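What the coordinates show
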Amino acid sequence: MNTFAWKIVSAALAAGMLVSCGSGSQPKAIAADAEVEAKVESVLKGMTLKEKAGQMVQLSIMVLEDDTHEAIDPAKLDKIIGEYKVGSILNVMHDAAHSWEHTANMVRQIQEKSMEVLGIPCIYGLDMIHGASYLIEGSLFPQEINLAATFNREYARMMGEAMAYETRAAQVPWVFSPVMDLGRDPRWPRHWESYGEDPYLQAEMARTETVAIQGEDPNHIDLEHAAVSVKHFMGYGVPHTGKDRTPAYIAENDLREKYFRPFKECFQAGALTAMINSASINGIPTHANRTLLTGWVKEQLGWDGMMVTDWADIDNLYTRDHVAADKREALVLGINAGIDMIMDPYDPECVNDIVALVEAGEIPMSRIDDAVRRVLRLKVRLGLFDNPTWQHEYPEFAGERFARESYDAAVESEVLLKNEEGILPLKGTERILVCGPNANTLRALNGGWSYTWQGSADAFVPQYNTILEALEQRFPGKVTWVPGVLYNEMYGAWQNDIEVSIPQAVNVARSADVIICCVGENSYCETVGNMDDLNLSANQKNLVKALAATGKPVILVLNEGRPRLIGDIEPLVKAVVDVILPSNYGGDALAALLAGDENFSGKLPFTYSKHINSLHTYDYKVSEHRSTMGGSYNYDAIMDVQWPFGFGLSYTQFAYSELQLLSPADFKAGDMLKVSVKVTNTGDRAGKEAVLVYSSDLVASLIPDVKRLRAFEKIELQPGESKTVNFEIPAHELAFVGADGKWRLEKGEFRLSCGGLGVMLNCTETKVWNTPNI
Ligand code: BGC
């Protein structure tokens, strides 16, 4: 770096311009890189107000499409980039996947124009959610919720690497992933986009994915990595009504302790951008929540990344939430709260609105400069100034490696929930009747964000096997298919199913040895997945009941984005497998698992509730769900779930023994707790086991959670083999956030548990932290 550049950086640092982090003593989430900062300053100083406003606006590619909707209209490009000076584009033409070449060509045209008229590269972003969702040839992995069910961080790494690599191959440097909203309400239609209900599991997987997507150095992202947008910051997953984008009410201590955790970990691991929660928390639309956006993230974490709105959410501040009277008021609220880029997504006039608001003194120039620095910093870190487009070979694009990893992830993510009388694995000699609306569809196997927003795998990648096709291949000549119930194909009615042939299915069942009934949900995304009843549909339940009434054994396969209630039909079936949303190799994985070629090792990353009026998470308060109140009163509020968080069976058995504390039982906040456990495969098949360690705080000044996941590892054991698994848990992990918003670790007894065993510990000293993050 030359002396001139250094001068700029030190001057900027002295003026507190580079990062708006209230107290200068806070460590920065991402270490500042002097050359990056110098480049940012040198670009910024030559920009007009309109150019700055343009950098803060992101529009959908739809505003650039020509009449064919397949190509860019040069006149529109001139207008949007040349006149309006817009700095970012998102989305795909036609809401549909394209080839990587089509995508790359489109980006090249945008970049050429941007460099020609602005000298600043545009940044293109796409919703790559479980792999390269919007590339026809791209590799898809099981959805995040499935990767969580593997309890194996390696799959989050593999998916992140594949996603970034293939997205870059299409000249796109930015993905709107990973999703880290805690899936703590199964009614929410985006439950499956997240890594489940637990903050630790979510944080571990999301941080792993973030680093895999971006690489190790967030200041220098190479041509095989991309920038993430962690989303949706935050509390989006627990809408009070269960419906998408509706208000949430979250106690501030829970917000800090649970909902913030995955975001904080990702910011500190270098996440370069964040997308904001469309809805509201405790009456404040998140896009207008200065305390959370600027306070918690930019100031308290010293995070110098960029915050982008979700789709049209500045508009929502006045059209939906009524906290602003019009667009301009909404812009003032959002930008002053900390929004750096507005996903408008159709109206470039937003640029002129920002200019007018600055000229009227409604938004300070310092806030604009801060926002634009953050946008430019992202572009510099991605190397876009040097390489607005790039020549690089991607030999592994859509190759064997990613396909194998996706298959392996599917195998480890499908969860065996019931296996009465050892009906599984199948012997291979049985005559099999396959039924149900989920048996012959790739669309349902993949879920949303698969080639289109709502998911359209059948239309794009018919070469993969549905469950039916995979079973036919694995059990040739043994399979008969009668759907019984199918999803409605009519546009907009996809979630409805229709009874088509239940009597026929029952007839055929009489001459079958076993019935594999595949039920659940069709694919959906966001608001389209809203619903009024978490129960599995009546048609599908009727199908299962009719089949079970034949007396033939039913294996129930659940293929669904959220745990649809099946309390009344579960007792009728011999086995249950929840494949969740395992993607293109999910059918093959299931056939191999049912045949016993592979062994189950998935565990539920969410609580599978049983009753519609009792939706649970595993970390409920000790005072909830008890049958008695110390003998004086019967609450009749027993914890009664279908299957608990962390539940999942295998074809082998694992015995846990020798849970040992390797560090002293008396501990203080700064100590490291060390614990080990021996796990033995006592069955006759090789298998993998997710070993989960929980803690319980026995007495605390706020009602303690009954237990909390603190560590996990996935191990593999041959028959008869034992392994000792060691865990290290920093003692401060056992702290909680009190009613005053402060982290506290209180003296008294704690219990660590694993595999049904427990050890006691004793915290000898209460510690209260005066910092917001520990
Ligand atoms: C979704 C986001 C997504 C954005 C851009 C919104 O509707 O909530 O998750 O990234 O659209 O497509």
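Below: a short report on this structure.

A count of helices and strands for the protein gives 21 helices and 31 strands. Considering only C-alpha atoms, the protein reaches an extent of 80 × 70 × 50 Å along its principal axes. Taken over 774 residues, the protein has a buried fraction of 63%. Nonlocal contacts in the protein, meaning residues at least 24 apart in sequence, comprise 77% of its contacts between residues at least 6 apart. Entry remark: accessible area of the protein is about 26,800 Å², with carbon and sulfur atoms responsible for 50%. One finds the centroid of the 70 positive side-chain charges in the protein at a distance of 4 Å from the centroid of its 104 negative side-chain charges.

Further remarks concern the site of the ligand. Taken together, Leu-90, Asp-127, Phe-176, Arg-190, Lys-231, His-232, Arg-245, Met-275, Asp-310, Trp-311, Met-343 and Glu-526 form the complete shell of residues around the ligand. At 2.7 Å, a side-chain N or O of Arg-190 approaches an oxygen atom of the ligand. A distance of 2.9 Å separates an oxygen atom of the ligand from a polar side-chain atom of Lys-231. Computed on the free molecule, the ligand has an accessible area of 310 Å², of which 94% lies beneath the protein chains in the complex. Split into classes, the residues belonging to the shell around the ligand amount to 5 nonpolar, 1 polar and 6 charged.

To continue, consider the state of the cysteines. As used in these notes, a disulfide is a covalent bond between sulfur atoms, one from each of two cysteines. Under the defined criterion, the tally for this structure stands at 0 disulfides. Counting only cysteine sulfurs, Cys-266 is the nearest neighbor of Cys-525, a cysteine outside any disulfide, at a range of 20 Å. What makes Cys-525 buried here is its relative accessible area of 0%.

With the rule as written, the count across this model stands at 59 salt bridges. Lys-327 is the partner of Asp-315 in a salt bridge, and the nearest nitrogen-oxygen pair spans 3.1 Å. Residue Asp-315 is found in helix α11 (residues 313-319), and its partner Lys-327 is found in helix α12 (residues 327-337); the two are separated by 12 residues along the sequence. With respect to class, Asp-315 is no different from Lys-327; both count as buried.

Strands in a sheet are paired, the pairing made by backbone hydrogen bonds, and the direction either parallel or antiparallel. An order of β21-β23-β26 is seen for the 3 strands of this open sheet, with the pairing classed as antiparallel. With partners counted over all chains shown, the strands left at the sheet margins are β21 (654-661) and β26 (722-730), one partner each. Mean inter-strand twist for the sheet, computed between neighbouring axes without regard to direction, equals 20°. Alignment of β21 against strand β23 (residues 672-681), held across 6 bridges, turns out to be antiparallel. Note that in β23 the partner of Tyr-656 across the bridge is Val-679.

Running from N to C, helix α4 (residues 74-83) and helix α5 (residues 100-117) point in directions that differ by 45°, and their axes come no closer than 9 Å. For the element pair α4 / α5, the angle class is oblique. Two packed elements cross with a definite hand, and for α4 against α5 that hand is right-handed. Residues Leu-77, Asp-78, Ile-81 and Gly-82 of α4 form the contact with α5, whose own contacting residues are Gln-109, Ile-110, Lys-113, Ser-114 and Val-117. Partitioned by chemical class, the residues of the contact of α4 with α5 number 4 nonpolar, 3 polar and 2 charged.

Calculation criteria
Residues numbered from 1 in each chain as written. Predicted model: local features only at pLDDT ≥ 70, side-chain atom pairs only at ≥ 80, totals over all residues. Heavy atoms only, no water. Helix = DSSP H or I, 4+ residues; strand = E, 2+ residues; numbered from the N terminus. Buried < 20%, exposed > 50% of the residue type's maximum accessible area, 1.4 Å probe, protein only. Contact = heavy atoms within 4.5 Å. Areas by Shrake-Rupley, 256 points an atom, 1.4 Å probe, with all protein chains shown as cover. Lys, Arg positive; Asp, Glu negative; His and termini not counted. Charge placed at Lys NZ, Arg CZ, Asp CG, Glu CD. Near = heavy atom within 4 Å. Polar contact = N/O pair within 3.5 Å; in protein donor to acceptor, adjacent residues only side chain to side chain. Nonpolar A, V, L, I, M, F, W, Y, C, P; charged D, E, K, R; others polar. Disulfide = S-S within 2.5 Å. Salt bridge = Lys/Arg side-chain N within 4 Å of Asp/Glu carboxyl O. Pairing = 2+ DSSP bridges. Axes fitted to C-alpha atoms, helices over the stretch in contact; angles between N-to-C directions. Parallel < 35°, antiparallel > 145°, perpendicular 65-115°, else oblique. Left-handed = near helix turned anticlockwise from the far one by under 90°.

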